[in-house]
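# Structural characterization, general
If you want the building blocks of each chain, they are given just below.
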Amino acid sequence: MTASTMQAQSPTAPSSVAPEAPRAPARWQAWRHWLGQRPSVFTLALIVLVCLVVGAINPSFFQLPVLFDIVRACTVVGLFALGVLIVLAAGGIDVSFAAIAALTMYSITKLVLNYFPDTHIAVLLVAGAASGAVLGVLNGLLVHWLKAPSLIVTIGTQYLYRGILLTFVGTVFFMNVPAPMDAFGKLALWRFDTPQGLHVVLPATVLVLAGAAVLTWWLLNRTLIGRAVYAIGGSLTIAERLGYNLRTVHIFVFAYAGFLSGLAGIVHVSSTRLANPFDLVGNELDVIAAVILGGARITGGSGTVGGTLLGVVLVTLINNVLILAGVPSTWQKVIIGAFILVAGACFAMRKQG
């Protein structure tokens, strides 16, 4: 009786142990899915890695003046990146934002210097944002009317806006900007002198980026137009079945990107206290790289404000701080490219998870 009982139980004994074997793969799948749903964690890890490496090589990196410099360098790039984010989330791409900023900032600076030198900075910011939005609306209308890829359209408008600036507006550097811009650029949230005699300033211009970040987050997460942006970027066919208006979304996202570009132009002139028509153009790939490193898919339907800002910090660190670690500036693009490739492989988990 005992032997038969043992024979009956013996086939079932291994089955109670068998489920233990796949635990490691299951945990790996769960971890991969978790990371795939939170791509900004990977970006944050890269930021920490860069900071630790640079700080280990040059301990002066861990000082408040360096932090303030990073924040200052992030401001204009961050404004551009938030605009690119909302276009990418809708399944498009915009490379004309730097040209919009250059045309807007130079035209307004020249106009104010010649005719309205005492215009309040709030008016200038509104004028810059409104001018950029108008140019952005033109992008949106052309994308909708021509039914062409937004990359092709915005390459065309990029050259168009640059041509208008250089041909009709001017190419002379303005070394003395309007007094309101100069005062805004010098305005500080916090300033102090270090024991080494350095004058450290946290500029008030970062408030513009903070306000733009809050506004962008609210639009994407708390409004119907934000849902439409993600829906159209995720699946155009499904979005149309749900009744979303493609024309309205196209105009909105490109107008919003232009709006932020115009703001960035005025902030740039105020910060540098120099109006140069050749400024800003050429950093388009850095901005797009920041948004992608922040977790946005180039095909649309994804991306967050927090991730985008982390991507901006990472690209700014590479472009501005690696010199402290003795890394030649020629290697900056190599490192950014390598990070993008690694991030692309990591973010692919979202499709496999």
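Criteria and cut-off values
Residues numbered from 1 in each chain as written. Predicted model: local features only at pLDDT ≥ 70, side-chain atom pairs only at ≥ 80, totals over all residues. Heavy atoms only, no water. Helix = DSSP H or I, 4+ residues; strand = E, 2+ residues; numbered from the N terminus. Buried < 20%, exposed > 50% of the residue type's maximum accessible area, 1.4 Å probe, protein only. Contact = heavy atoms within 4.5 Å. Areas by Shrake-Rupley, 256 points an atom, 1.4 Å probe, with all protein chains shown as cover. Patch = residues over 30% accessible without salt bridge, like charges linked within 9 Å, V, L, I, M, F, W, Y side chains within 5 Å. Salt bridge = Lys/Arg side-chain N within 4 Å of Asp/Glu carboxyl O. Pairing = 2+ DSSP bridges. 1 Å grid on protein atoms, 1.4 Å probe; cavity = no way out; pocket = protein on both sides within 12 Å on 5 of 7 lines; lining within 4 Å. Points joined across faces, edges and corners; volume = space filled by probe spheres on them. Nonpolar A, V, L, I, M, F, W, Y, C, P; charged D, E, K, R; others polar.

## Notes on the overall build of the chain
A tally of regular secondary structure across the chain gives 17 helices and two strands. Scored against the burial criterion, the 353 residues of the chain give a buried share of 48%. In the chain, once contacts between residues fewer than 6 apart in sequence are set aside, the share between residues at least 24 apart is 78%. Total accessible area on the chain is roughly 17200 Å²; 69% of this is exposed by carbon and sulfur atoms.

## Quick notes on unusual backbone geometry
Of note in the backbone geometry, K147 takes a positive phi value of approximately 55 degrees without being a glycine. In this fold, K147 is placed in the loop between α7 (121-146) and α8 (150-169). Although it is not a glycine, L280 sits at a positive phi angle of roughly 75 degrees. Turning to its location among the elements, L280 is positioned in the loop between α13 (246-272) and α14 (284-293).

## Thoughts on a nonpolar patch on the surface
A cluster of nonpolar side chains, namely L64, L67, L189, W190 and L207, defines an oily patch on the protein surface of about 460 Å² accessible area. Elements with a contribution of two residues or more to the nonpolar patch: α5 (64-89) and β1 (188-193). Here L64 shows up in helix α5.

## Considerations on the pairing of strand β2 (residues 199-203)
When you tally the buried positions in β2, you get four out of five residues, the bulk of the element. In this structure, β1 lies alongside β2, joined through five bridges in antiparallel fashion. In the strand pairing of β2, W190 is matched with L202.

## Some remarks on the layout of surface pockets
Of the voids in this model, the largest pocket is the one considered here, and its volume is about 260 Å³. As for the largest pocket, its lining consists of 16 residues, and the residues nearest its centre are A90, G91, V143, L246 and H250. Elements represented by at least two residues in the lining of the largest pocket include exactly α7 and α13. When the residues that make up the lining of the largest pocket are grouped by side-chain class, the tally is 10 nonpolar, five polar and one charged.

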